[in-house]
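Report on the structure
Residues per chain, in single letters:
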Amino acid sequence: MALISSLVVMLFKLVLLFHPLLLLSNHHPFVNSVQPFCHDEEMNALIHFNQSFKIHCQPRVDTIHYPILVYPKTSTWGSNSTNCCTWDGVDCDVVNGHVIGLNLSGSCLYGSIYSNNTLFHLGHLQILHLGYNNFTFSPIPTTIAVFSELTFLHLGYSFFQGAIPFEYMLSWNAMKDFRMTNLTYMNALEFMPYTDVFGSGFHEYDYSTTFVLKSVATHYGKIPMNLAVIDLSSNNFSGQIPEIIGNLKALYSLNLSNNALNGRIPPSLGTLTELESLDLSQNQLSGEIPQQLTDLKFLQKFDVSYNNLTGLIPRENQFHTFENNSFEGNEELCGEPLSKKCGDSLLPPSTSNEDDDSDSGIELDWKFILAGLMSGLVIGVSVGEMLIPRTRLAWFVYISRTRLREMMIRN
């Protein structure tokens with residue numbers, strides 16, 4: 001009986017010891033059932049953010065007429081609960097209650113967004129999805145720099161314009177240093193294994209979105225936190241893509257398609273070695289495709305179609321897997337997989353192997369010639385031994401060897 005009591009006491013102590021850790025684990029049954037309570041200042045920030053827009057709903061489709069679910073998510077905010085963590089499109093950290101996710105995709109928001117908007121009071125945001133709204137061609141405010149923990153940004157199809165504030169995006173520290181192993185998010189977006197003190201598990205948020213690449217729409221029911229994604233497609237952004245984009249080393253997907261961007265493709269994109277998807281199509285980009293992009297060994301989706309690109313298409317590494325529609329619509333672009341061939345001045349130099357093969361063929365021909373001459377010499381000497389006096393035979397051998405040596409020197 002004493003042994004049983006000791007075991008019970010020991011078990012109770014272990015529960016007390018590990019209980020805080022269990023609460024931090026997504027595997028604990030209480031984590032998903034206990035809803036965190038949001039901070040008052042963040043609740044007020046969300047309310048004022050909502051009040052800064054009109055609600056104007058209209059059917060929305062993407063570039064291939066894929067229907068987008070549209071409804072006013074914010075219309076019920078505050079009506080049923082004062083806990084903003086329960087509001088539609090809002091997600092809070094289960095431990096500290098801070099708002100870390102805001103998915104207002106297709107929420108019928110209408111109006112301009114300014115730098116003093118209370119959205120930028122949500123400094124703990126990690127996911128921000130404002131796609132498929134109407135921000136009336138306002139620029140992205142520079143105060144977007146406050147989101148240092150941001151790993152997912154989707155502003156596509158939302159009527160933004162102006163220059164993309166890349167220099168302010170450099171404050172997004174979570175996108176600069178990202179570590180994950182064996183990740184192919186395009187194939188397994190809903191099931192994202194991660195590693196913590198309790199082993200493998202799943203860490204995901206119930207945010208749905210649609211990625212469109214090369215006129216193919218793929219709908220994902222959930223967006224895990226463990227992704228670094230920027231989607232600014234189908235707006236009216238202008239200006240150039242700066243070299244500093246290469247500092248966002250954590251990027252797995254970058255979509256700047258269907259805007260008015262100009263200038264050259266920055267070679268620094270080749271340093272984003274984790275990048276799996278890059279879409280720069282339907283802009284006004286010029287110049288050649290940087291050879292540095294062939295360093296992107298994990299690149300699975302690539303599209304630069306319908307720009308003003310020129311020169312030879314790289315074919316190293318992943319680039320030999322991309323099809324014609326990744327490059328079409330660039331009149332001065334040439335080389336495989338396009339049917340337009342490049343002129344001699346654009347073709348890469350001949351390889352040393354081809355030169356070696358050519359030289360070895362010439363050497364092989366002379367070997368046959370020399371073998372024939374030597375055979376003839378032997379036969380001639382043998383016959384001469386019988387028919388020609390020795391003095392003349394010696395002269396014949398001398399002349400034959402001299403001629404043979406001269407032929408070998410010349411060739």
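Now for a look at the structure at hand.

A few words on empty space enclosed by the protein. This model, assessed by the stated rule, comprises 2 cavities of 30 Å³ or more. Approximately 70 Å³ is the volume attributed to the largest cavity. Around the largest cavity sit His56, Cys57, Gln58, Arg60, Val70, Cys108, Leu109, Tyr110, Tyr132, Asn133 and Asn134, which together line it. Taken together, the residues of the lining of the largest cavity sort by class into 6 nonpolar, 4 polar and 1 charged. Approximately 60 Å³ is the volume attributed to the second largest cavity. Surrounding the second largest cavity, Ile113, Leu119, Phe120, Leu128, Leu130, Ile140, Pro141, Ile144, Leu155 and Phe160 form its lining.

Mapped onto the elements of the fold, Tyr132 is located in the loop between β7 (127-129) and β8 (152-154). Along the primary structure Tyr132 and Gly156 are separated by 24 residues, whereas in three dimensions their C-alpha atoms are 6.5 Å apart.

With that settled, the discussion passes to unusual backbone geometry. Of note, the amide linkage connecting Glu336 to Pro337 takes the cis form, showing an omega dihedral of 5 degrees. Along the chain, Pro337 falls in the loop between β22 (332-334) and α5 (352-387). Positive phi outside glycine occurs at Thr136, with the angle close to 45 degrees. Looking at the secondary structure, you find Thr136 in the loop between β7 and β8. One non-glycine residue, Gln282, adopts positive backbone phi at about 55 degrees. Residue position: Gln282 is located in the loop between β18 (277-279) and β19 (284-287).

Judged from the 3 bridges that link them, strand β9 (residues 161-163) and strand β15 (residues 236-240) form a sheet pairing that is parallel. Counted as the bridge partner of Ala163 is Ser238 from β15.

If you walk across this open sheet you meet the 6 strands as β9-β15-β17-β19-β21-β22, and the pairing is parallel. Every interior strand has two partners, whereas the edge strands, β9 and β22, have only one. Strand-to-strand twist of the sheet, defined as the mean angle between neighbouring strand axes without regard to direction, takes the value 20 degrees. Here β15 runs beside strand β17 (residues 260-264); their pairing, made up of 3 bridges, is parallel. The residue of β17 that forms the bridge with Ser238 is Ala260.

Turning to the sheet that holds strand β5 (residues 99-103), a few remarks are in order. Pairing in this open sheet of 8 strands is mixed, and the strands run β4-β5-β7-β8-β14-β16-β18-β20 from one edge to the other. The sheet is open, and its two edges are formed by β4 (90-92) and β20 (301-303), each paired on a single side. Recorded for the sheet is a direction-independent mean angle of 10 degrees between the axes of neighbouring strands.

The subject of this paragraph is the state of the cysteines. By definition, a disulfide is the covalent link that joins the sulfur atoms of two cysteine residues. Following the criterion strictly, the structure yields 4 disulfides and no others. Note on cysteine connectivity: Cys334 is disulfide-linked to Cys342, with sulfurs 2.0 Å apart. Torsion about the S-S bond of the Cys334 and Cys342 cystine: about 105 degrees, corresponding to right-handed handedness. Across this residue pair, the class does not change: Cys334 and Cys342 are buried. Should the bonded cysteines of the chain be numbered as they appear in the sequence, the pairing reads 1-3, 2-6, 4-5, 7-8.

Calculation rules
Residues numbered from 1 in each chain as written. Predicted model: local features only at pLDDT ≥ 70, side-chain atom pairs only at ≥ 80, totals over all residues. Heavy atoms only, no water. 1 Å grid on protein atoms, 1.4 Å probe; cavity = no way out; pocket = protein on both sides within 12 Å on 5 of 7 lines; lining within 4 Å. Points joined across faces, edges and corners; volume = space filled by probe spheres on them. Nonpolar A, V, L, I, M, F, W, Y, C, P; charged D, E, K, R; others polar. Helix = DSSP H or I, 4+ residues; strand = E, 2+ residues; numbered from the N terminus. Pairing = 2+ DSSP bridges. Axes fitted to C-alpha atoms, helices over the stretch in contact; angles between N-to-C directions. Disulfide = S-S within 2.5 Å. Buried < 20%, exposed > 50% of the residue type's maximum accessible area, 1.4 Å probe, protein only.

Honestly, that's just the spatial picture; any functional story needs more than this.
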